[in-house]
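Structure assessment
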Amino acid sequence: MSVHLHWFLPTGGDGRTLVDRHAYTDGGIRRDRITPVSGVRAPDIEYLAQIAKAAEQLGFEAVLTPTGTWCEDAWLTTVALTQVTERLKFLVAFRPGVISPVLAAQMAATYQRISRGRLLLNVVTGGDSTDQKRFGDHLGHDRRYARTDEFLQIVRGVWGGRPFDFQGEHYQVEGGLTALPPDPLPQIFFGGSSAAAGPVAARNVDVYLTWGEPPEEVKQKIDWIRGLAEQEGRTVRFGIRLHTISRDSSKEAWATAGRLLDDLDPETVTAAQQALGKSESVGQQRMLALHGGSRDKLEISPNLWAGVGLVRGGAGTALVGSHAEVADRIEEYHSLGIEHFVLSGYPHLEEAYWFGEGVRPELAARGLLDAGPAPLDGVPAANGRPASAPGGAPLLIAGGR
């Protein structure tokens, strides 16, 4: 089982500070008006293309694109980026509650033909009821997962190449059909930590994603989902979503992490924690429990830092250390059964180079990477340091990713 490395496209904006904000909102916590924010890189197509091309050059297999109010549409943005990349895949996040399953199946088929087979799907059931309601979705938490279950059954059914009927609580389909099914079928990624989420993953998905919890907790999740999948007669693979701060030395990496906290006043952390505490997502609550809103003891496991989650939602932990130490932690997760690593770091352009030129060679030397295409040729870094990533550059954290 090889390690699959993926990066992230910041379609809500990018930048260098540890605050929860996007390019199109005034701070990310109140979110009551839409205003450009000074110091944030707008997610225009030219900047996103730079990141996509860098990820491809550095040997990442795919890039994840988020979904929600505060980012660009994932389908449209990524299909545009397929035209300026050659082999990079796109892990497109979308919510089942805002699109017909038959239409989603058709869109995936079209996408595969346009991109020549470079689509992966990230199904986001949703844990923020406020944002769900913005899109007209008023179902409660557990019913959303029941709907996702039906949604994925229909998607796979209409990919079969013949008319498909389905009668459920949330969908009724007669003769559903994708006239020309996608080739290959996109892999389906999915995450969820609640009791309602587990059976959906076991029955329907290819890759179960968890946020970056300590290894022992990740192992518990793997065992849980693997057991449910075995009851369904299926095999599910596993992935993890993490940030990274990888530097030439451990001291430099931790100094960078420390600087990210320097201008965070207690009021900012308190406001962020109050907002995040309202989330219905069990995974989000697990992220919050890792640090309890406190700056003390943020290294919750060797090289696993929970500081990101003080002010942002979604993935709240980062692997911090030298390139070899970060590779050690990836190898540790891999030994538990994690195959897909969906990574990010802010700014995404610079951090892609830090990881791609620092950690990826370590993983390759350990025989953890598939002997597929090597990274595309590029300009060597000076003194082992990406020219676009000066040492200690701080990090923008944007919420809901």
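Thresholds applied
- Here, residues in each chain are numbered from 1, in the same order as that chain's written sequence.
- Given that this is a predicted model, residues contribute local features only at a pLDDT of at least 70 and side-chain atom pairs are listed and counted only at 80 or more, while totals for whole chains, interfaces and linings are drawn from all residues.
- To obtain the side-chain values, all non-hydrogen atoms of the structure were used and water was disregarded.
- Here a strand is any run of E in DSSP of at least two residues, a helix any run of H or I of at least four, and the numbering for each starts at the N terminus.
- When accessible area is computed with a 1.4 Å probe and restricted to protein chains, residues below 20% of their type maximum are described as buried, those above 50% as exposed, and intermediate ones as partly exposed.
- Two residues form a contact once any of their heavy atoms are found within 4.5 Å.
- Here the accessible surface of atoms and residues is derived via Shrake-Rupley with a 1.4 Å probe, and residues count as covered only by protein chains that are part of the display.
- Any pair of Phe, Tyr and Trp rings, taking the six-membered ring for Trp, is counted once the centres come within 6.5 Å. Such a pair is stacked with planes under 30 degrees apart, edge-to-face with planes over 60 apart, and tilted for the rest.
- Angular values range over 0 to 180 degrees, each being the angle between N-to-C directions of two axes fitted as lines to C-alpha atoms, with helices fitted over their stretch in contact.
- By definition, turning the near helix anticlockwise from the far helix through less than a right angle yields a left-handed crossing, and turning it clockwise yields a right-handed one.
- By definition, a salt bridge exists where a carboxyl oxygen of Asp or Glu is found within 4 Å of a side-chain nitrogen of Lys or Arg.
- Distance and chemistry together define a polar contact, namely a pair of N or O atoms within 3.5 Å, with one atom able to donate a hydrogen and the other to accept it when in protein, and with adjacent residues in sequence counting only for side-chain atoms on both sides.
- For this classification, under 35 degrees means roughly parallel, over 145 means roughly antiparallel, 65 to 115 means roughly perpendicular, and everything else is oblique.
- Strands were regarded as paired on the criterion that DSSP finds at least two bridges between them.

Quick notes on the overall build of the protein
In terms of regular secondary structure, the protein is built from twelve helices and 13 strands. Within the protein, the fraction of its 401 residues that count as buried is 56%. At a minimum sequence separation of 6, the contacts of the protein that also span at least 24 residues come to 75%. Total accessible area computed for the protein in this model is approximately 16000 Å², and 51% of it derives from carbon and sulfur atoms.

Re the packing of aromatic side chains
Inspection of the entire model under this criterion finds nine aromatic pairs. Consider the rings of Tyr145 and Phe190, whose centres lie 6.1 Å apart with planes at 80 degrees: the pair is edge-to-face. Taken as a pair, Tyr145 in helix α5 (residues 141-158) and Phe190 in strand β7 (residues 188-191) lie far apart in primary sequence, 45 residues in all. The residues Tyr145 and Phe190 share a single accessibility class, namely buried. Seen in terms of ring centroids, Tyr208 and Phe238 are 6.3 Å apart; in terms of plane orientation they differ by 75 degrees. Their pairing is edge-to-face. In this pair, Tyr208 sits in strand β8 (residues 207-211) while Phe238 sits in strand β9 (residues 237-247), placing the two residues 30 residues apart along the sequence. On the basis of relative accessible area, Tyr208 is assigned to the buried category, the value being 1%.

Examining the packing of helix α1 (residues 45-57) against helix α2 (residues 74-81)
Interhelical geometry of α1 versus α2 gives an angle of 65 degrees and a closest axis separation of 10 Å. Seen along the crossing, α1 lies across α2 with a hand that is right-handed. Between α1, through Ile45, Leu48, Ala49 and Ala52, and α2, the contact on the second element is made entirely by Thr77, Ala80 and Leu81.

What to know about the pattern of salt bridges
Taken as a whole, this structure holds 18 salt bridges when the rule is applied. With a shortest N-O distance of 2.6 Å, Arg16 and Glu350 are connected by a salt bridge. Placement of Arg16 in the loop between β1 (4-8) and α1 and of Glu350 in helix α12 (residues 348-365) is noted, with a sequence separation of 334 residues between them. You can call Glu350 buried: its relative accessible area is 5%. Salt-bridge contacts for Lys221 lead to Glu213; the nearest nitrogen and oxygen are separated by 3.4 Å. We note that Lys221, like Glu213, is buried. Salt bridges here are not isolated pairs; linked through shared partners, they connect Asp328, Glu331, Glu362 and Arg366.

Details of the side chain of Asn303
With respect to the secondary-structure elements, Asn303 resides in the loop between β10 (299-301) and β11 (304-305). Among the polar contacts made by the side chain of Asn303, one reaches the side chain of Arg329 at a distance of 2.8 Å. Filtering out sequence-adjacent residues up to four positions away, Asn303 remains in contact with Trp254, Ala318, Leu319, Val320, Gly321, Glu325 and Arg329.

Thoughts on the side chain of His141
Mapping His141 onto the fold places it in helix α5. We classify His141 as buried; its relative accessible area is 15%.

Regarding the packing of helix α3 (residues 101-115) against α5
When two helices pack together, their arrangement is given by the angle between their axes and by how far apart the axes lie. One can describe the packing of α3 onto α5 by two numbers: an axis separation of 8 Å at closest approach and a directional angle of 50 degrees. Considering the angle they form, α3 stands oblique to α5. Read as a crossing pair, α3 and α5 show a hand that is right-handed. In contact with Pro101, Val102, Ala104 and Ala105 of α3, α5 contributes Phe151, Ile154, Val155 and Val158.

Overview of the pairing of strand β6 (residues 172-176)
For strand β5 (residues 164-167) and β6, the ladder comprises three bridges, and the chain directions are antiparallel. Looking across to β6, one finds that Phe164 is bridged to Gly176. The turn linking β5 back onto β6 is made up of four residues.

A look at the environment of Trp354
Looking at the secondary structure, you find Trp354 in helix α12. Overall, the relative accessible area of 2% leaves Trp354 in the buried class. Between the C-alpha atoms of Trp354 and Leu58, which are 296 residues apart in sequence, the distance is 10.0 Å.

Observations regarding unusual backbone geometry
In the segment running from Asp183 into Pro184, the intervening peptide bond is cis, with an omega of 0 degrees. Relative to the assigned elements, Pro184 resides in the loop between β6 and β7. Cis geometry marks the peptide bond from Tyr346 to Pro347; its omega dihedral reads -5 degrees. Relative to the helices and strands, Pro347 is located in the loop between β13 (338-344) and α12. In this structure, Arg116 takes a positive phi of about 60 degrees despite not being glycine. By the element assignment, Arg116 lies in the loop between α3 and β4 (119-123). For Arg116, a relative accessible area of 75% translates into the label exposed.

Considerations on helix α6 (residues 197-204)
Most of α6 sits inside the fold, with six of its eight residues counted as buried. What α6 keeps buried is the set Ala197, Gly198, Val200, Ala201, Ala202 and Asn204. Next to the buried residues of α6 lie α5, β7, β8 and α7 (215-231).

Note that all results are geometric; they support no functional claim without further evidence.
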